[in-house]
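Residue strings, one per chain:
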Amino acid sequence: MSQTTLPGSDIKPWMRPAPQGYKFINANIVDVESGTIKENATIITTEGKITYVGSELSILVSQTNLKIVDCEGKYLCPGLFDAHVHLCAVPGFTDLSKAFGNPNDVHLLRQPYTASQMLHRGFTSVRDCGGAQLALKEAIEDGVFPGPRLFIACHALSQFGGHGDLRGPHEPTVCCGGTHSNNRLGLMCNGVPECIAAVREDIRCGADFIKIMGSGGVASPTDKLEHLQFTVAEIQAMVECATNAGTFVTAHAYTAKAIRHCIDNGVRGIEHGNFVDLPTAKLMAEKGVYLTPTLIAYDQMASERWKNYLPIESQKKNEIVLKSGLEALRVASEAGVTMCYGSDLLGPLGSAQTHEFALRAQILSSPEVLRSATFNPAKMMGCADELGQIKEGFHADVVILNKNPLEDVTVFDRPDVHVLGVMKDGRVYKSRWDALLEDAQIPVRVQ
């Protein structure tokens, strides 16, 4: 069987030809920026990009070889963006310690499954806040296996005894920082020289941004939620190194004091933020600091289904942050803070990734929630001119729905019912609709 040889496929035999061009007609386009629907529109995708959005009558040149899909009654939404995941915390284990504490090859070989599931739910982009490796990002980009577009931090940087330190109080201390045992999530660093080295190492290893632990956390065994982590000098040094590399620092932080400690020293993003108060939220808005709440993580860990997933000391902390999470959403929204969608689900809890929509919808409008899962994280990652909207020149990342998400954003909670198709870079990776065929499989080449 002969096959046209693609340039470079002798080195990378999994390379695929350019994606099929599509012409979606009679579509309702979800404009997430304005919160409106553009009715009866046509979208054309070519070579992975959106090349036309508008009226059928305004098309100047008729293109051939386009697959025509009639989207009457359907809604075309930008691909979703989850801004807080941990791909290294894979399913297959009964408690949190095993999800994080297993050898690199064990979790790395399970991550393709987790990545493909995220994509099939409609998440065409995710930001991994500690644990994902450059090799995984490159394999997805090359088309070796399906998954969302990855933005990675490599590690979450933590002081000894901080939120990224998974050792118990009776385990030994090592002398010079680095990772411990099988902890892929965190990189330990104490003092300015080690903090500088840690940032530079993560940048060397492909980090798109830097993640630090600025306060205590739920899953860590030896710190308290109210602890401040890292000194002023340490945070400033890490921010300077990230800035020098053309990127930014985001920080895990719960309390208002911890949030201020981070943003006063140059941090541009806050993860979780469950105890933010109104003055601190207003300061975040003034400084353009992004907030990524992760309510579904606490909700799931407090559920009866997963009651034994966390150790006892973490269960108590989880109850505290869960109660304050919804109020933090209201406070942040009132202050005008730009928020991004985050799930932070670990291990088997990842199946609830889309349920964050319903939690946020208790406080925020559907357009607000949808912006947090599309436009806002794209802007945070410096990609607002190519991701997060359905516009000409943008990546052809499209989710096809049978209901209007601007009226009820919780339709994403049932992807098996409402998400009819998921396109990333012009390829259909998942279809639950007879009118749309999946076309993203790697062609088998007999050599």
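Below: a short report on this structure. Please read these numbers as outputs of a predicted model, since none were measured by experiment.

Attention now goes to the overall build of the protein. Looking only at helices and strands, the protein has 14 helices and 17 strands in total. C-alpha extents for the protein along the principal axes are approximately 65 × 55 × 45 Å. Surface exposure of the protein reaches about 18400 Å², of which carbon and sulfur atoms provide 52%. Each charge class in the protein was averaged separately, 41 positive and 50 negative side chains, and the resulting centres sit 1 Å apart.

A word on the sheet that holds strand β8 (residues 149-152). Overall, parallel pairing links the three strands, which are arranged β6-β7-β8 in an open sheet. Whereas interior strands pair on both sides, the edge strands pair on one side only; in this sheet they are β6 (80-85) and β8. Between one strand axis and the next, the sheet turns through 15° on average, direction left out of account. Across four bridges, the pairing between β6 and strand β7 (residues 123-128) is parallel. Residue L80 lies in a different strand from β7, and its bridge partner there is F123.

With that settled, consider the pattern of salt bridges. Scanning the entire structure with this criterion turns up 14 salt bridges. For K12, the salt bridge identified is with D142, shortest N-O distance 3.1 Å. Of this pair, K12 sits in the segment before β1 (21-31) while D142 sits in helix α4 (residues 134-142), placing them 130 residues apart in sequence. Looking at D142, the relative accessible area reads 28%, which means it is partly exposed.

What follows deals with the packing of aromatic side chains. Applying the stated criterion across every chain, the model contains eight aromatic pairs. Between F209 and F248 the ring centres are 6.0 Å apart and the planes differ by 20°, which places this aromatic pair in the stacked class. You can see F209 sitting in the loop between α5 (191-204) and β11 (210-213) and its partner F248 sitting in the loop between α6 (232-244) and β12 (249-255), a full 39 residues away along the chain. Where Y341 meets F357, the ring centres are 4.5 Å apart and the plane angle is 35°; that geometry is what we call tilted. With Y341 in the loop between α10 (312-335) and α11 (356-361) and F357 in helix α11, the pair connects residues that are 16 residues apart, well separated along the chain. For the pair Y341 and F357, a shared accessibility class is recorded, and that class is buried. The rings of F123, Y341, F357 and F412 are connected pair by pair, giving a single aromatic cluster. Lying across the ring of F209, R127 places its NZ or CZ 4.9 Å from the centre.

All right, on to the packing of helix α7 (residues 256-263) against helix α8 (residues 278-287) then. Interaxial distance between α7 and α8 falls to 10 Å at its minimum, and their mutual angle equals 25°. Compared by their axis directions, α7 and α8 come out roughly parallel. For the pair α7 and α8, the crossing hand works out as left-handed. Contact residues: A256, I259, R260 and I263 in α7; P279, T280, L283, M284 and K287 in α8.

Following the sequence through the fold, H86 ends up in the loop between β6 and α1 (96-100). We classify H86 as buried; its relative accessible area is 8%. At 3.3 Å, the side chain of H86 forms a polar contact with the side chain of D344.

Scoring rules and cut-offs
Residues numbered from 1 in each chain as written. Predicted model: local features only at pLDDT ≥ 70, side-chain atom pairs only at ≥ 80, totals over all residues. Heavy atoms only, no water. Helix = DSSP H or I, 4+ residues; strand = E, 2+ residues; numbered from the N terminus. Areas by Shrake-Rupley, 256 points an atom, 1.4 Å probe, with all protein chains shown as cover. Lys, Arg positive; Asp, Glu negative; His and termini not counted. Charge placed at Lys NZ, Arg CZ, Asp CG, Glu CD. Pairing = 2+ DSSP bridges. Axes fitted to C-alpha atoms, helices over the stretch in contact; angles between N-to-C directions. Salt bridge = Lys/Arg side-chain N within 4 Å of Asp/Glu carboxyl O. Buried < 20%, exposed > 50% of the residue type's maximum accessible area, 1.4 Å probe, protein only. Phe/Tyr/Trp six-rings, centres within 6.5 Å; stacked < 30°, edge-to-face > 60°. Lys NZ or Arg CZ within 6 Å of the ring centre and 35° of its normal. Parallel < 35°, antiparallel > 145°, perpendicular 65-115°, else oblique. Left-handed = near helix turned anticlockwise from the far one by under 90°. Contact = heavy atoms within 4.5 Å. Polar contact = N/O pair within 3.5 Å; in protein donor to acceptor, adjacent residues only side chain to side chain.

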